[in-house]
Amino acid sequence: MTSWFRRFLLPGFVFQSMCIAGGYGTGRELVEFFLLFGPVGGLLGMVPATLVVSAGCLVAFELARMTRSYDYRSFLRVLLGRAWFLYEVAYLISILLVLAVIGSATGALFTETFAIPDFVGTGLLLAVIAFLAFKGTRLIEGVLSAWSFVLYAVYLVVFVLSVHVFGPMIRDALATWPVEPGWFLTGFRYGVLQMALVPAVLFSTTYFTGRRDAFIAGALAGPILMIPAALFYFGMLGHYPDIVERPVPVNQILQSLDSRFLLLVFPIVLIGTFIETGTGMIHAFNERLAGALRQLGKTLPAWARPIIAVGLLLSALFLSRWGIIDLIAVGYGAMTWVFIGVLAVPLLTIGAWKVFRPSR
């Protein structure tokens, strides 16, 4: 990868890759956080979501660069001091929650799209994530960033076809339905929920050469995350309001477009995003363990990484029994408030003060 890509774009693409499966990959998340406030209300809600993500990434990336804190344990010790363990607890819960959503969605995709038993999808997910966890940082950076370009291309195809086929319905939805109150706060909450993963992507920020790099990469992270979400959102508007009730809205979009290419490619791309998110979150946890062991003069064995990955994934499978709608509506809603207190407020106050205070 070229130097400018690693410095300015890689952190944003790694961040987007980690967020997408739990952030908007199935479309259910876009329903809960945006579409429930009406077609226009949802678009308005994406503005504070984008700004919050960019602000949080900008501060976090520079603070990590200043203090050379490239795993989330080291970073949170700088930000929260002795209270750093609060994030650890919340992060472990969020890993299980997001992996449960991934597991539930993977099973639904394999069953609805390919008529294959859901355990086949689960097995594939386990195998690939364990392999990537074993190979380590450089391969994970390459896979996450490369797959993001594939994702952008497919989401753009979905957007173009949706506008072509359902353009009048999309325009009617935007013109007819009112803006429901609450879009700003919920958009802000969505941004905070995604920001919870910022400390987990710091392994990709080691290429910064100075303050400017961190600021540019942080500012770009919000748009990099939210542009595919907006493209997908417009595709959903052609099926509003019926799509609100679908557990996996993307399936309705694909079936309605009746494109053999998308029916085959989109599920594969989406499953790839599930692998990205699971791999990124688990890799961050492994890096945290490796960092702690280094301080003790020890190393994390390579064989331990896939074992930890499989253990976390199997634990999350029990949560997936609740179903994707309840996991997102209840679980994500609760964790948003936790991360507002544990990460967002400290990062945008204490972290910003550390980053922008005048030099002594």
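Residues numbered from 1 in each chain as written. Predicted model: local features only at pLDDT ≥ 70, side-chain atom pairs only at ≥ 80, totals over all residues. Heavy atoms only, no water.

Q: How would you explain the overall build of the protein chain if you had to name every residue and give the values?
A: The helix and strand tally for the protein chain stands at 13 helices and 0 strands. Taken from the N to the C terminus, the helices and strands of the protein chain come in the order α-α-α-α-α-α-α-α-α-α-α-α-α. In the protein chain, which comprises 360 residues, the share counted as buried stands at 59%. Of the contacts made within the protein chain by residues no fewer than 6 positions apart, 85% connect residues no fewer than 24 positions apart. Carbon and sulfur atoms form 69% of the exposed surface of the protein chain, whose accessible area is close to 14400 Å². (Helix = DSSP H or I, 4+ residues; strand = E, 2+ residues; numbered from the N terminus. Buried < 20%, exposed > 50% of the residue type's maximum accessible area, 1.4 Å probe, protein only. Contact = heavy atoms within 4.5 Å. Areas by Shrake-Rupley, 256 points an atom, 1.4 Å probe, with all protein chains shown as cover.)

Q: Before we move on, could you go through the packing of aromatic side chains and cite the residues and values that matter?
A: Counting across every chain of the model gives 14 aromatic pairs. Here the aromatic rings of W177 and Y240 are separated by 5.2 Å at their centres, their planes lie at 90°, and the arrangement is edge-to-face. Taken as a pair, W177 in the loop between α7 (137–176) and α8 (183–195) and Y240 in the loop between α9 (211–237) and α10 (249–257) lie far apart in primary sequence, 63 residues in all. Feature note: the residues W4, F5, F13, F149 and Y152 constitute an aromatic cluster, connected by ring pairs. If you follow R73 out to its NZ or CZ, it ends over the ring of W84, 5.2 Å from the centre. Above the ring of W353, the side-chain terminus of R357 is found at 4.7 Å from the ring centroid. (Phe/Tyr/Trp six-rings, centres within 6.5 Å; stacked < 30°, edge-to-face > 60°. Lys NZ or Arg CZ within 6 Å of the ring centre and 35° of its normal.)

Q: So what's going on with the packing of α10 against helix α11 (residues 260–295)? Which residues, and what values?
A: Their axes nearest at 10 Å, the elements α10 and α11 cross at an angle of 160°. For the element pair α10 / α11, the angle class is roughly antiparallel. Handedness of the crossing formed by α10 with α11: right-handed. Along its contact with α10, which presents V250, L254, Q255 and L257, the element α11 presents L262, L263, F266, P267 and L270. (Axes fitted to C-alpha atoms, helices over the stretch in contact; angles between N-to-C directions. Parallel < 35°, antiparallel > 145°, perpendicular 65-115°, else oblique. Left-handed = near helix turned anticlockwise from the far one by under 90°.)

Q: Tell me about the nonpolar core, residues and numbers included.
A: For soluble globular proteins, nonpolar side chains are generally found buried alongside one another. If you look at the biggest cluster of nonpolar residues, it comprises 111 residues, and the most contacted ones within it are F15 and Y91. The leading source of residues in this core is α9, at 12 residues. Those residues in contact with F15 that sit more than four places away from it in its chain are V53, C57, Q194, M195, L197, V198, V201, A221 and L225. (Core = buried A, V, L, I, M, F, W, Y, C linked by side-chain atoms within 4.5 Å.)

Q: Explain the packing of α9 against α10 to me, using residue names and the numbers behind them.
A: Packed helices, taken two at a time, are described by the angle between their axes plus the distance between the axes. Contact pair α9 / α10: the axes reach a minimum separation of 10 Å and the direction vectors enclose 65°. When the axis of α9 is compared with that of α10, the two are roughly perpendicular. The two elements α9 and α10 cross, and the hand of that crossing is left-handed. Across from F232, G235 and M236 in α9, the residues of α10 making contact are P249, V250 and I253.

Q: Could you give an account of α10, with specific residues and numbers?
A: Within α10, 7 of the 9 residues are buried, leaving the element largely enclosed by the surrounding structure. For α10, the full list of buried residues reads P249, V250, N251, Q252, I253, L254 and L257. Of the residues flanking the end of α10, it is D258, one or two places downstream, whose phi is positive at about 55°.

Q: With reference to specific residues and values, describe the environment of S145.
A: Looking at the element boundaries, S145 is found in helix α7. Among the residues examined, S145 registers a relative accessible area of 3% and is labelled buried. Separated by 129 residues in sequence, S145 and Q16 have C-alpha atoms that sit 8.9 Å apart.

Q: So, the pattern of salt bridges: which residues are in play, and what are the values?
A: Inspection of the entire model under this criterion finds 4 salt bridges. Linking R7 and D213 is a salt bridge whose minimum nitrogen-to-oxygen distance equals 2.8 Å. Here R7 is found in helix α1 (residues 3–23), whereas its partner D213 is found in helix α9, with 206 residues between them in sequence. Note that E32 and R28 form a salt bridge whose closest N and O atoms lie 2.7 Å from each other. With a gap of 4 residues between them, E32 and R28 both fall in helix α2 (residues 28–33), about one helical turn apart. With relative accessibility at 5%, the residue R28 sits in the buried group. When salt bridges with common partners are traced through the structure, they connect E62, R65 and R211 into a single cluster. (Salt bridge = Lys/Arg side-chain N within 4 Å of Asp/Glu carboxyl O.)

Q: I'd like a rundown of the environment of L202, residues and numbers included.
A: Relative to the helices and strands, L202 is located in the loop between α8 and α9. For L202, a relative accessible area of 0% corresponds to the buried category. With residues near it in sequence (within four places) discarded, L202 still touches A60, F61, A64, S69, Y70 and F75.

Q: Please set out the side chain of S162 residue by residue, giving values where relevant.
A: Following the sequence through the fold, S162 ends up in helix α7. Taking relative accessible area as the criterion, S162 reaches 1% and is therefore assigned buried. Not counting residues up to four positions away in its chain, the partners in contact with S162 are G167, I170, G235, I253 and L257.

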